[in-house]
Amino acid sequence: MSDRLSTDPADDTGRARDAAGPDTAAAHAADTAAAHAAASAQLLAALRGSSPLVHCITNSVVTNFTANALLAIDAAPAMVDIPVEAGIFAGIASGLLVNLGTPHEEQREAAREAVAAASVAGTPWVLDPVAVGGLPVRTALAHELVAQRPTAIRGNASEIIALAGAGAGGRGVDAADTTDAAADAAAHLARTHGSVVAVSGPVDLITDGRRTVRIANGDVLLTRMTGGGCALGAVTAAFLGASRADADPADAFAATVAATLVYTIAAEIAAAAAAGPGTFAPAFLDALALVTPGEVAERARITVTDAATDGSRA
Amino acid sequence: MSDRLSTDPADDTGRARDAAGPDTAAAHAADTAAAHAAASAQLLAALRGSSPLVHCITNSVVTNFTANALLAIDAAPAMVDIPVEAGIFAGIASGLLVNLGTPHEEQREAAREAVAAASVAGTPWVLDPVAVGGLPVRTALAHELVAQRPTAIRGNASEIIALAGAGAGGRGVDAADTTDAAADAAAHLARTHGSVVAVSGPVDLITDGRRTVRIANGDVLLTRMTGGGCALGAVTAAFLGASRADADPADAFAATVAATLVYTIAAEIAAAAAAGPGTFAPAFLDALALVTPGEVAERARITVTDAATDGSRA
Amino acid sequence: MSDRLSTDPADDTGRARDAAGPDTAAAHAADTAAAHAAASAQLLAALRGSSPLVHCITNSVVTNFTANALLAIDAAPAMVDIPVEAGIFAGIASGLLVNLGTPHEEQREAAREAVAAASVAGTPWVLDPVAVGGLPVRTALAHELVAQRPTAIRGNASEIIALAGAGAGGRGVDAADTTDAAADAAAHLARTHGSVVAVSGPVDLITDGRRTVRIANGDVLLTRMTGGGCALGAVTAAFLGASRADADPADAFAATVAATLVYTIAAEIAAAAAAGPGTFAPAFLDALALVTPGEVAERARITVTDAATDGSRA
């Protein structure tokens, strides 16, 4: 563990910094975790002022919740998922999400067009490879699209492992693996495609292949509501759009961390107000709308490690 | 302003009538605003008793919320959006909504069939030209369908301006223009196609090309929840169906005003009970179900003008 | 009524058993109603431990609510509704729902594949023939699929009557007939196809062609929320999957009764907490997640009759 540049997630948000004293590695780690928390708070404030237009090509189960999550966070959602129009729209949007949950034929063609147009226009885009592995249509499309170098890739551990070619995938939309088990696959995907890879789970893991951030915020109710993962992909596209992550790969990493952090902190706030998974959903949308940059900085439970040596945790 | 036949929206619902005294124009205007409020209350009561069957061809983001809004208002929703069936169903429905938000190929064909059948059967129908302007597939279809003379057209200002050929459209589903800026385009559309045109915004504008009603009810939370505008199109189809607006164009105007008024008053009631956009949605459905004709008459904030001279406001 | 083997639904859950004394028929009937209540409670407990994977091919209006209902009850939903993938997935799922509400072309082909694969793999499956009767595309597909002997068929009275060939169907998704009016059609369908048939209504009716169970639980708010019936089809597939109903037809009957009972009791619990149809939906999902086996046993209002002689009620 001596090579891990991390803070203790139970002693979060870099507040251990002052106590770290002369230990350079610990101080650096604390700074880094604190820096992510502070940057995330700033990016939330920036997003709220910019109302980024987020182009979503997503599955039929979560369209409504995804649009509401984007509106709550103060982004402007637009579902444009037919050929001809998708390519046009991806060129003017601030960010693009391509989620492969129900990839009907027109959507597949629309996704190809949108990704090509995003690449030309420099629109940051997120690939969510829902249930890849055992299902051939989406798996083939995911491999085709990932080669186009998505700005970010978001999935659960089984999906990330399957997309990296290291596993057979989960049983549909379910994650059968832990995020730590996907750490190597995530780092490999990140380095291969120049993407930030975000793995959702009890502890979320985000890596660019060099650094890995773990976020211990969130609540299990996020998994008892459909779209809990899918909408995070859209919110990630919103943060990427708001931070103009297309110009600077470092921004893409910070924006992806911010999206996950804000999202999981909103889940914690909502869980405290919810009686069950049904009342959690509206409370979560309220929390996405009302969570403040200050709350984000204060509640962040972030750990930072070196991705190259992180595999020892898996 | 002297040629405007209006009441002060801040002094709403025609209650200024008693104070208007001998001023004929003011009295007439007050009567008209009050008459719309009273007629809307009556139409709500009539809808609640008739449970009109509303055929919806709408986008994949808002199907669920739209159906729930119709059920809340006591209409019976049915989404029949495949070829062959759509034409049959439009002939037996009380009202039809065609919303172009995600116009997949089968839906486009279904929309054409449904509109043709509605025209033959006299089923009143509403066209919602979502995001027309820059996106060619829906824009071409919107122009094709509007030529079939929809009973009502509902959109935001940018969409109405684009459909009238006077602008390039908004940035997707977002309205970049105010309803007053769309007043001329709306009146032009109304006169050209014999339609009632409803423009959604902070102040809603409804015109048949002769008269223009503005409704200052509503709440900004309607814009923080996806489907806030789209479901109004369906509710408009329900009011048109309940008021048998097919037989009398005057009824179509009254029914469209009633739909917008009831809908925006329900939004006000819901906003008072909501902590944010997430809890607003269920509260809004509750309010649609529970709002009384008396509340509609009492809370209405209506202004009536002559459409021909209304452009001076824009 | 002398030939009915029933308890009084107003004196439910078999608690009349102790008072039934030497009357064999009444005691048997009480045992049977009590046995269903107890078995339903046990099946709920078993489902909560097994998290069955439920493959849904369903309509675009209710995908989200259906997935959330499954997650609430502790099942794992997956919407896989494109050709090639649907057949693969039906072979590995615990249960399958085929709902014909919006049967687009790809969904129709996916449904055929999934049903064929479920038959081969022994995956229990539910057919929900939404709005069959007057609409030819879904009606033809429903007749084609029902010949594949679904484990269970769920619909409202008009749909069951239409599927049995005894009526013209309702007006879309609306039930124009009572469940008792569909008793003969349900028993006929059950015997013809070896299916359990569940008819939703103010009193739900479930029959395998020999026995008929009526459940008097539920709340009218279930009908003011879209997907109230459709999600029950998915929950039925979850109970069938959890009880491995494919191996034993008796289990399919018990599982279908359990699904309806748990679902309608959750509706009662939710209605007590709801201000209207909007707040009912999240409260209902909470109740699905929180309802206990003990509450199910205690609140059950079940009547059991002999299906062959039950037609006299209609």
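See above for the structure.
Residues numbered from 1 in each chain as written. Chains lettered and ligands numbered in written order. Predicted model: local features only at pLDDT ≥ 70, side-chain atom pairs only at ≥ 80, totals over all residues. Heavy atoms only, no water.

## Re the packing of aromatic side chains
Per the counting criterion, the structure on display carries nine aromatic pairs over all chains. The interplanar angle of 20 degrees and the centroid separation of 5.7 Å between the aromatic rings of Phe280(A) and Phe284(A) together place this pair among those described as stacked. Remark: Phe284(A) and Phe280(A) occur in helix H11 (residues 277-290); sequence separation between them is four residues, near one turn of the helix. Of the two residues examined, Phe280(A) and Phe284(A), each falls in the buried class. With a centroid separation of 6.2 Å and 20 degrees between ring planes, the pair formed by Phe65(B) and Phe284(B) is classed as stacked. Here the residue Phe65(B) occupies a position in helix H3 (residues 63-73), and Phe284(B) occupies one in helix H11 (residues 277-290), the gap between them amounting to 219 residues. (Phe/Tyr/Trp six-rings, centres within 6.5 Å; stacked < 30°, edge-to-face > 60°. Helix = DSSP H or I, 4+ residues; strand = E, 2+ residues; numbered from the N terminus. Buried < 20%, exposed > 50% of the residue type's maximum accessible area, 1.4 Å probe, protein only.)

## Some details on the relation of the copies chain B and chain C
The transform that puts chain B on chain C rotates by 120 degrees and translates by 0.0 Å along the axis, for an RMSD of 0.0 Å. Expressed as an axis order, the relation between the two copies is that of a three-fold axis. No C-alpha of chain B approaches the rotation axis more nearly than that of Ser60(B), which lies at 3.9 Å. (Least-squares fit on C-alpha atoms with pLDDT ≥ 70 in both.)

## Section: the nonpolar core
Residue and element names in this part refer to chain A. By size, the foremost hydrophobic cluster in this structure holds 62 residues, and its most contacted members are Phe239, Tyr263, Phe280, Phe284, Leu288 and Ile302. At 15 residues, the largest contribution of residues to this core is made by helix H10 (residues 249-273). With residues up to four places along the chain from it excluded, the contact list for phenylalanine 239 reads Leu43, Leu44, Leu47, Ile73, Ala255, Ala258, Ala259 and Val262. (Core = buried A, V, L, I, M, F, W, Y, C linked by side-chain atoms within 4.5 Å. Contact = heavy atoms within 4.5 Å.)

## With respect to the interface of chain A and chain B
It is common to report an interface's size as the accessible area lost on association of the parts. Contacts between the two partners involve 26 residues from chain A, matched on the other side by 28 residues from chain B. Buried surface at the junction of chain A and chain B, both sides included, amounts to about 2200 Å², of which 58% is carbon and sulfur. Looking at the side of chain A facing chain B, the largest losses of area belong to Leu71(A), Glu85(A) and Asp286(A), adding up to 23% of the total buried there. Summed over the shared surface of chain A and chain B, the number is one salt bridge. Salt-bridge contacts for Arg138(B) lead to Glu85(A); the nearest nitrogen and oxygen are separated by 2.6 Å. Linking chain A with chain B are 13 residue pairs in polar contact (both at pLDDT 80 or more). Taken together, the elements giving at least two residues each to the side of chain A that touches chain B come down to helix H3 (63-73), strand E2 (76-79), helix H4 (85-92) and H11 of chain A. The biggest single contributor to the side of chain A that touches chain B is H3(A), with six residues. Classifying every residue of the side of chain A that touches chain B gives 17 nonpolar, four polar and five charged. (Buried area = accessible area lost by both parts, 1.4 Å probe. Salt bridge = Lys/Arg side-chain N within 4 Å of Asp/Glu carboxyl O. Polar contact = N/O pair within 3.5 Å; in protein donor to acceptor, adjacent residues only side chain to side chain. Nonpolar A, V, L, I, M, F, W, Y, C, P; charged D, E, K, R; others polar.)

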